[in-house]
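Structural features, examined
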Amino acid sequence: METDVITIDGPTSSGKNSVGFLLAKKLGYQYIDTGMIYRAGAYLILQNNISLDNKEDIVNTFKSLRLEIKSDNGSLRIYNNGRDLTDKLHLSEVTENVSIVAAIKEVREVTKVIQRKLGESKNTVMTGRDIGSEIFPNAKHKFFLTASAEIRVKRRFKQLIKVDPAITYEMVYKSMLERDEKDSTREVSPLRIPKGAVVIDNSNLNVEQTVEEMLKHIQQKLFI
Ligand code: DC
């Protein structure tokens, strides 16, 4: 039987992950945050001192991934060959370099296979940058989440200040906009609104309200 995949794309701190997690919980679907795959690969590349110019070793690192993503106590954990990498994914060097790795065409060919396998195994809510456009273009329910840059920076700042008291609002603003710019202007699979996606601006909505809005669209489509 074909599985149902609900795609959610959007820029950094658009709320994709909290919304994806809750929506999946309400529907009894698995939740996959594809940013974790790029971050896990980027972490291993940095840990193995692979130069960011060394495309061959970067692609081979992605090819060697044996990932498992599991829901645990209200959040996701990612394992590679049984090793839990979750706590490494948001190290600043990973966040700073992940966009470079994610822009490589051959890396995206490998991750496409990983993402399709995950989505074809169970009913899934999947978040990312190109899920509704490249990975599951025929998905019945596609969403594009966004919020104003100011709100997104505030959300990100609130998360980061907990782990790094030296961080400033201006630093977060600059790095977030730079990453968005890289993700939106890259040649391969840039961040864009997928064809047929419902756009939700959640600048003034909390996680619950955003999910309610999405569920309304999903219900409507079921009765068309
Ligand atoms: O959502 P995130 O910040 O954890 O994603 C990390 C990086 O991975 C982000 O800079 C863009 C990239 N990414 C991507 O290119 N395609 C995806 N489907 C998910 C993430």
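Identification of the chain as Cytidylate kinase is taken from an unreviewed UniProt entry.

Topologically, valine 19 is positioned in helix H1 (residues 16–27). Taking the C-alpha atoms as reference, valine 19 lies 25 Å from aspartate 164; in sequence the two are 145 residues apart.

On the secondary structure map, lysine 195 appears in the loop between helix H8 (169–185) and strand E8 (198–201). Taking the C-alpha atoms as reference, lysine 195 lies 11 Å from isoleucine 131; in sequence the two are 64 residues apart.

Glancing now at the site of the ligand. For the ligand, the set of nearby residues contains 15 residues, the closest of which are Thr34, Arg39, Arg108, Arg129 and Arg186. In this structure, a nitrogen atom belonging to the ligand sits 3.0 Å away from a side-chain N or O atom of threonine 34. For the ligand, an oxygen atom lies 2.8 Å from a polar atom in the side chain of arginine 108. Starting from 450 Å² of accessible surface for the ligand in isolation, the protein chains cover 96%. Looking at the shell around the ligand, the elements with two or more residues in it are helix H2 (35–47), helix H4 (92–102) and H8.

This brings us to the environment of arginine 129. Within the secondary structure, arginine 129 is located in the loop between strand E6 (124–128) and helix H6 (131–135). Residues arginine 129 and threonine 61, spaced 68 residues apart in sequence, show a C-alpha to C-alpha distance of 21 Å. Each residue touching arginine 129, except ones within four places of it in the same chain, is listed here: Asp9, Gly10, Pro11, Thr12, Lys16, Arg179, Asp183, Arg186, Pro190, Leu191 and Arg192.

As a further point, take the sheet that holds strand E3 (residues 67–72). Strand order in the open sheet formed by 3 strands is E3-E4-E5, and the pairing between neighbours is antiparallel. Each end of this open sheet is capped by a strand with a single partner; those strands are E3 and strand E5 (83–84). Against the sheet, H2 engages E3, strand E4 (75–80) and E5, with an angle of about 45° to E4.

Parameters and conventions
Residues numbered from 1 in each chain as written. Predicted model: local features only at pLDDT ≥ 70, side-chain atom pairs only at ≥ 80, totals over all residues. Heavy atoms only, no water. Helix = DSSP H or I, 4+ residues; strand = E, 2+ residues; numbered from the N terminus. Near = heavy atom within 4 Å. Polar contact = N/O pair within 3.5 Å; in protein donor to acceptor, adjacent residues only side chain to side chain. Areas by Shrake-Rupley, 256 points an atom, 1.4 Å probe, with all protein chains shown as cover. Contact = heavy atoms within 4.5 Å. Pairing = 2+ DSSP bridges. Axes fitted to C-alpha atoms, helices over the stretch in contact; angles between N-to-C directions.

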